[in-house]
Amino acid sequence: MISKPIFVYLQRPDNGEWVTVGRYLRGDQEEGTFRYAPSYVRAGLAWSIDPVNLPFVPDLEWKAPRYRGLHDALRDTCPDAWGRMLIRKEHGLAEDAHDSRFLLLAGNADRWGALAVGTSAKPSVANLATPRLPQLEALTQELLAIFERRAPVDAKLRKRLVATPSLGGARPKATVRDGDDYWLVKPYLPTDIADIPLLKGAFLPQNCAR
């Protein structure tokens with residue numbers, strides 16, 4: 001049985017507007033396909049959401065070779081372990097629920113990044129309250145406190161962060177805005193044996209549309 005399409009929205013890096021970049025379909029046998037939207041092609045846009053695994057080729061159905069039929073870029077948009085646990089508990093999902101369920105159930109208003117999803121062919125995305133650069137120090141300290149399981153540094157900021165399912169995982173991260181530019185914030189810890197933020201930056205082009 002083929003599932004209903006999940007539409008993928010992209011926040012344009014040139015002007016910040018949201019557009020429908022493509023749609024994902026989950027089929028039988030743990031298969032999934034992604035196709036760039038005809039409206040995206042007609043608009044003359046050509047940003048790829050994953051230059052390595054999903055290069056911009058109009059009219060091609062891209063199959064997902066792993067992760068039970070979900071493409072890498074879309075799986076990366078899903079909440080991690082902590083967020084999945086919260087969603088599974090709230091919606092009564094089974095342990096083996098498909099990643100696409102978590103992709104839809106994680107709210108766009110709480111998702112920090114250049115991609116969002118929905119069931120409408122036209123973008124229906126809440127304004128993302130992306131922190132601005134002057135808040136970087138406070139954000140970094142609070143993310144580190146969460147990672148180290150310490151008490152809140154800023155109770156108001158902590159309340160917002162823990163309500164965001166997509167922040168769970170091995171290392172917290174966030175997107176910070178500086179004028180028209182966006183920066184990925186990933187804290188460095190003294191216990192790291194390698195420069196984790198630098199390694200993340202090396203893979204950023206294939207994981208983020210910005």
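Details of the structure are given in the entry above.
Values in this document were obtained by computation on a predicted structure and should not be read as measured data.

Asker: Would you take a moment to explain the pattern of salt bridges for this structure?
Answerer: Proximity of charged atoms lets side chains of opposite charge pair with each other. In the structure shown here, the tally under the stated rule is six salt bridges. Close ionic contact of Glu61 with Arg23 constitutes a salt bridge, the shortest N to O distance being 2.6 Å. One end of the pair, Glu61, is in the loop between α1 (38–42) and β4 (62–63); the other, Arg23, is in strand β2 (residues 18–26), with 38 residues separating them in the sequence. One salt bridge in this structure joins Asp99 and Arg75, with 3.3 Å as the shortest N-O distance. In this pair, Asp99 sits in helix α4 (residues 99–105) while Arg75 sits in helix α2 (residues 72–77), placing the two residues 24 residues apart along the sequence. Overall, the relative accessible area of 12% leaves Asp99 in the buried class. Among the residues examined, Arg75 registers a relative accessible area of 33% and is labelled partly exposed. Here the salt bridges share partners, and the residues they tie into one network are Arg75, Arg84 and Asp99.

Asker: Explanation requested: the pairing of strand β3 (residues 32–36) in the structure shown.
Answerer: On a regular strand, one side chain projects to one face of the sheet and the next to the other, so that they alternate. With four of its five residues buried, β3 lies for the most part within the structure. Alignment of β2 against β3, held across five bridges, turns out to be antiparallel. The partner of Leu25 across the bridge, within β3, is Thr33. Hairpin connection between β2 and β3: a loop of five residues separates the two successive antiparallel strands, and Gln29 in this loop has a positive phi of roughly 60°. With two bridges joining them, β3 and β4 adopt antiparallel strand pairing. When the bridges of β4 are listed, Phe34 appears paired with Trp62.

The rules we used
- Residues numbered from 1 in each chain as written.
- Predicted model: local features only at pLDDT ≥ 70, side-chain atom pairs only at ≥ 80, totals over all residues.
- Heavy atoms only, no water.
- Salt bridge = Lys/Arg side-chain N within 4 Å of Asp/Glu carboxyl O.
- Helix = DSSP H or I, 4+ residues; strand = E, 2+ residues; numbered from the N terminus.
- Buried < 20%, exposed > 50% of the residue type's maximum accessible area, 1.4 Å probe, protein only.
- Pairing = 2+ DSSP bridges.

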